[in-house]
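Coordinate analysis (summary)
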Amino acid sequence: MARLIRPEQAKQLHFLLDQPEEVLIEFCKLAIEYINSGINEKKCTVAAKKLSTTYETVRGALEALVALLIDSTKLALSEREFHTVVQAALETINEKQTEILWQFITSKRTLVDNVLRASCQDELYFRDLEWRIEGRIASRTIRSQATPVIKMKFHLDTECVSEYRDKLHPEPVDHAPEAEATKQPPTRREVLAETDPAMLQHMIQVLEQALLEARTRRVRNYVKPTPS
């Protein structure tokens, strides 16, 4: 399982675990406010004064809590998986604190999931790929073997649509000048790239590994409720 809590994040969360449970609950409420409207500097300053610490410490603990909520939502962890990961990363956490964090995550999972989906609306989706191999013509003057170059053109789109839509419903072509002037900005983008065979082989291995991970239960649990 991928690491849920990083060392620096664990250090920031330990500050909350050293406080009474009521403080942890209040920070969970501040974390929801952070997601909805950003950091509330006034409340963080007041909290720092009450806890006899600095504003930076309070803000760091709050951001670590928000990161825990977001990462747990992304991974769609079950309760058992969450308890195992959290107790391994935060050695001083007790059962009651774990339950508070789990209730905090499950109660706001839908909210965070909606925020994440809204923030990904401008993501580029793969539509098509063009490629060709370029190499030098063999010559006796070349003492070393020439490495061919693979050039690729990625066709991307901010609109996630069926790859067959263009074939089934082709858009009418209008060459009139006024049509060009009123044409909407395209959602498509073309990205050119080139690489050598060794790097291409490495890219293929990375993609194949990603496909294997996509078949895991944890990834399927997250993808399944995602509307197409």
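Here, the structure is the one placed above.
Model, not experiment: these values are computed from the prediction.

Rules of the game
Residues numbered from 1 in each chain as written. Predicted model: local features only at pLDDT ≥ 70, side-chain atom pairs only at ≥ 80, totals over all residues. Heavy atoms only, no water. Axes fitted to C-alpha atoms, helices over the stretch in contact; angles between N-to-C directions. Helix = DSSP H or I, 4+ residues; strand = E, 2+ residues; numbered from the N terminus. Parallel < 35°, antiparallel > 145°, perpendicular 65-115°, else oblique. Left-handed = near helix turned anticlockwise from the far one by under 90°. Contact = heavy atoms within 4.5 Å. Nonpolar A, V, L, I, M, F, W, Y, C, P; charged D, E, K, R; others polar. Core = buried A, V, L, I, M, F, W, Y, C linked by side-chain atoms within 4.5 Å. Buried < 20%, exposed > 50% of the residue type's maximum accessible area, 1.4 Å probe, protein only.

1. A few points about the packing of helix H1 (residues 7-17) against helix H4 (residues 55-75)
- Viewed as axis vectors pointing N to C, H1 and H4 meet at an angle of 110°, and their least axial separation amounts to 8 Å. On the basis of their axis angle, the class for H1 and H4 is roughly perpendicular. H4 is crossed by H1, and the crossing has left-handed handedness. Here Gln 9, Gln 12, Leu 13, Phe 15 and Leu 16 of H1 come into contact with H4, specifically with Thr 57, Gly 60, Ala 61, Ala 64, Leu 65, Ala 67 and Leu 68.
- When grouped by side-chain class, the residues that make up the contact of H1 with H4 number eight nonpolar, four polar and no charged.

2. Observations regarding the packing of helix H3 (residues 41-50) against H4
- Running from N to C, H3 and H4 cross one another at 115°; their axes reach a closest spacing of 8 Å. Judged on the interaxial angle alone, H4 and H3 are roughly perpendicular. In the packing of H3 onto H4, the handedness of the crossing is right-handed. In this structure, H3 uses Glu 41, Cys 44, Thr 45, Ala 47 and Ala 48 to contact H4, whose residues at the interface are Tyr 55, Val 58 and Leu 62.
- For the contact of H3 with H4, the residue count by class is six nonpolar, one polar and one charged.

3. Digging into the nonpolar core
- Within the largest apolar cluster, 38 residues are counted, with the highest numbers of intra-cluster contacts made by Leu 65 and Phe 82.
- Counting only elements with at least two residues in this core, the list comes to H1, helix H2 (21-37), H3, H4, helix H5 (79-89) and helix H6 (95-107).

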